[in-house]
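Per-entry structural report
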Amino acid sequence: MDEQWIEVGQRISSLRKSYGYTQERLAEMADISVQFLIQIEHGKKTMKIGTLRKLSAALSVSADYIINGSDSYSESAEINALLSTLSEDNRKQAVKLLAVFADTINMNLDNNSKN
């Protein structure tokens, strides 16, 4: 199998483990068989775009991260992991609070740079 598919499988496996998901749980979330997920994680099978979309949605990352391993993943994954523990209403509130927090930090940085 192509080295790129091995890397894709390793990223999926790493993400799954970082969320504390079993292979059974992720397979269920992505609506694929456990055996197929195992083969993907080991780089022995490729997947269609639909499966990639389901896996990226289940793991709260972009398909680009799964395919290319972009470095912007780590911060957003940590935030997504925290948000995923909340109900939908609480998640919306948390996003609003995070936006206020970011604005406050940015204003403080702007004020400090002017001094």
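You'll find the structure just up there.
Note that the structure is predicted; figures quoted are calculated from it, not measured.

1. Considerations on the environment of Gln39
Looking at where Gln39 falls in the secondary structure, it is placed in helix H3 (residues 34-41). Note: C-alpha distance between Gln39 and Ile6 (33 residues apart in sequence) is 9.9 Å.

2. Here's the deal with the packing of aromatic side chains
We describe a pair of aromatic rings using the distance from one ring centre to the other and the angle between the two ring planes. Applying the stated criterion across every chain yields a total of one aromatic pair. For the ring pair Tyr19 and Tyr21, a centre distance of 5.4 Å and an interplane angle of 10 degrees mean the geometry is stacked. One exposure class covers both Tyr19 and Tyr21, and it is buried.

3. Concerning the pattern of salt bridges
For the structure shown, the criterion picks out four salt bridges. A salt bridge links Arg25 to Glu28; the shortest N-O distance between them is 3.5 Å. Within this pair, Arg25 and its partner Glu28 are both found in helix H2 (residues 23-30), separated by three residues, close to a single helical turn. The exposed category is assigned to Glu28, whose relative accessible area is 59%.

4. Some remarks on the nonpolar core
Generally speaking, nonpolar side chains in soluble globular proteins are found buried as a group. In this structure, Ile12, Leu55, Leu59 and Ile66 are the most contacted members of the largest nonpolar core, which totals 19 residues. Contributions of two or more residues to this core are made by helix H1 (3-18), H2, H3, helix H4 (49-58) and helix H5 (63-68). Excluding residues within four positions of it along the chain, Ile12 makes contact with Leu26, Leu37, Ile40, Glu41, Met47, Leu55, Leu59 and Ile66.

5. Regarding a nonpolar patch on the surface
On the surface, Ile79, Leu98, Phe101, Ile105 and Leu109 cluster together to form a nonpolar patch covering roughly 450 Å² of accessible area. Considering every element that reaches the nonpolar patch, the biggest residue donor is helix H7 (residues 88-114), with four residues. Along the chain, the position of Ile79 falls in helix H6 (residues 73-84).

6. Topic: the side chain of Arg11
As for its placement among the helices and strands, Arg11 is situated in helix H1. Of the buried charged residues, Arg11 lacks a salt bridge, with Glu7 as the closest side chain of opposite charge at 4.4 Å. From its side chain, Arg11 meets the backbone oxygen of Ile66 in a polar contact 2.8 Å long.

7. Regarding H3
Taken as a whole, H3 has its buried residues at Leu37, Ile40 and Glu41. Angularly, the buried residues of H3 cover 95 degrees about the axis, an arc narrow enough to put them on a single face. Those residues of H3 that are buried lie in contact with H1, H2 and H4. Just downstream of H3 lies Gly43, where phi reads positive at about 70 degrees.

About the criteria used
- Residues numbered from 1 in each chain as written.
- Predicted model: local features only at pLDDT ≥ 70, side-chain atom pairs only at ≥ 80, totals over all residues.
- Heavy atoms only, no water.
- Helix = DSSP H or I, 4+ residues; strand = E, 2+ residues; numbered from the N terminus.
- Phe/Tyr/Trp six-rings, centres within 6.5 Å; stacked < 30°, edge-to-face > 60°.
- Buried < 20%, exposed > 50% of the residue type's maximum accessible area, 1.4 Å probe, protein only.
- Salt bridge = Lys/Arg side-chain N within 4 Å of Asp/Glu carboxyl O.
- Core = buried A, V, L, I, M, F, W, Y, C linked by side-chain atoms within 4.5 Å.
- Contact = heavy atoms within 4.5 Å.
- Patch = residues over 30% accessible without salt bridge, like charges linked within 9 Å, V, L, I, M, F, W, Y side chains within 5 Å.
- Areas by Shrake-Rupley, 256 points an atom, 1.4 Å probe, with all protein chains shown as cover.
- Lys, Arg positive; Asp, Glu negative; His and termini not counted.
- Polar contact = N/O pair within 3.5 Å; in protein donor to acceptor, adjacent residues only side chain to side chain.
- Arc of directions from axis to C-beta.

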